[in-house]
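Take a look at the letters that make up each chain.
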Amino acid sequence: AIMVNTIYGEYTSYKGWYLALAAGAFSLQLYTDFSGCMDLMSGISRLFGVRLCRNFRQPFFAESVSEFWRRWHITLGGFLRKNVYIPLGGNRKGLLRKYVNVMAVFFISGLWHGGKWTFIIGTGILQGIYMIGEELFRPAAQRIGRAAGVKTDTPFFSWIRRLRTFILVSVGFVLFRADSLAMAGQVLGGIMQKGQHSEYGEGVFYSGLGTGDFAVLVIGLAVLFFLSVWRENHGEEKIIKGDGARTGTCFAVLFLILLFGWYGKGYDMGAFIYSRF
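Values in this document were obtained by computation on a predicted structure and should not be read as measured data.

Criteria and thresholds
- Residues numbered from 1 in each chain as written.
- Predicted model: local features only at pLDDT ≥ 70, side-chain atom pairs only at ≥ 80, totals over all residues.
- Heavy atoms only, no water.
- Helix = DSSP H or I, 4+ residues; strand = E, 2+ residues; numbered from the N terminus.
- Buried < 20%, exposed > 50% of the residue type's maximum accessible area, 1.4 Å probe, protein only.
- Areas by Shrake-Rupley, 256 points an atom, 1.4 Å probe, with all protein chains shown as cover.
- Phe/Tyr/Trp six-rings, centres within 6.5 Å; stacked < 30°, edge-to-face > 60°.
- Lys NZ or Arg CZ within 6 Å of the ring centre and 35° of its normal.
- Salt bridge = Lys/Arg side-chain N within 4 Å of Asp/Glu carboxyl O.
- Bend = angle between axes of the 7 residues up to and from the residue.

**Student:** Help me understand the overall build of the protein, please; the structure alone is not making it clear to me.
**Tutor:** Secondary structure assignment for the protein yields ten helices and zero strands. In sequence order, the secondary structure elements of the protein are arranged as α-α-α-α-α-α-α-α-α-α. Residues classed as buried in the protein amount to 34% of the 277 residues present. Per element, the accessible surface of the protein, about 16,500 Å² overall, is 66% carbon and sulfur.

As structure tokens, then:
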């Protein structure tokens, strides 16, 4: 949040990879805020014997935008599918009608996030265009791959597709974070320009983070990444086997939460994104 707020707060002064860094950082901030909120609600509900639906499934491991939205905010996607997409006819009334229905779903999804055009386009219309474009161009891409003799089902190409999906979704999240369409246009345009910062030059720590802050961020993201890889490959339950090991790990994690849970200069609990939804 510190990095995102610093760079977006002076977005006209930054160029190139700084703005790209802020865009990627905001995607991760949005995910960790939202997913963390759902984890808290799920844990509190279990204390009262209520088991909530799973709402996230490693969305940044998705290899397409359509897969991403099946993994991100699963309950909202299921609600819109049941109450909007299927009643409109789903994919049963021809290809054109299917695409219209997809756009209707994402338009409503954008409205759900907020009435501003940055929301309607960023998390709505643009995502629908992505999904339709993927479906239209996938057969041609597969034919080209077969003609070139390229095996696209390898881990290398899998991670390439994940990176592509992350970039596409992050473009939409730039609009989600921006105060206006003009600001979003300047940020996206600035990413394509050469340069760093008009005053400071190069250096990651001109993004508002000191060396210690940056180290904590990297460690936290590393834990998140490896835990997500484990869940993707082995499922959710009983990540640590053995009652003693689980108990010890729980106490260790509680200690780390007390140590780092109220951490960093400028920390503001009210900055939690989804407190506004």
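Resuming the write-up.
**Student:** It is not clear to me how the packing of aromatic side chains should be interpreted in this structure. Could you clarify?
**Tutor:** In this description, an aromatic ring pair is defined by two values, namely the gap between the centres and the angle between the planes. Under the defined criterion, the tally for this structure stands at 25 aromatic pairs. With a centroid separation of 5.7 Å and an interplanar angle of 75°, the aromatic rings of Phe 61 and Trp 159 are classed as edge-to-face. Remark: Trp 159 occurs in helix 7 (residues 155-177) and Phe 61 occurs in the loop between helix 2 (17-47) and helix 3 (65-71); sequence separation between them is 98 residues. With a relative accessible area of 9%, Phe 61 lands in the buried category. A residue is classified by how much of its surface remains accessible, and Trp 159, at 40% relative accessible area, is partly exposed. Between Phe 68 and Trp 69, the aromatic rings sit 5.2 Å apart at their centres with planes inclined by 85°, giving edge-to-face as the arrangement. For the pair shown, Phe 68 and Trp 69 are each scored as buried. Here the guanidinium or amino end of Arg 162 rests over the ring plane of Phe 61, the centre of that ring lying 5.2 Å away.

**Student:** I keep staring at the pattern of salt bridges and nothing clicks. Help me out?
**Tutor:** Any two side chains of opposite charge can pair, given that their charged atoms come close. As enumerated under the stated definition, the model contains four salt bridges in all. One salt bridge in this structure joins Arg 71 and Glu 67, with 3.0 Å as the shortest N-O distance. Taken together, the residues Arg 71 and Glu 67, both in helix 3 and four residues apart, mark about one turn of the helix. What makes Arg 71 buried here is its relative accessible area of 3%. We note a salt bridge from Lys 98 to Glu 135, for which the minimum N-O separation is 2.8 Å. With Lys 98 in helix 5 (residues 95-113) and Glu 135 in helix 6 (residues 117-148), the pair connects residues that are 37 residues apart, well separated along the chain. Residues joined by salt bridges that share partners form a network here, namely Glu 67, Arg 71 and Glu 232.

**Student:** Which parts of the structure should I look at to understand helix 6?
**Tutor:** At 3.6 residues per turn, the α-helix brings residues three or four places apart onto the same side. At Phe 137, helix 6 is bent by approximately 40°, the largest bend along its length, and proline Pro 139 sits one to four residues beyond. Immediately downstream of helix 6, the backbone of Gly 149 shows phi near 70°, a positive value.

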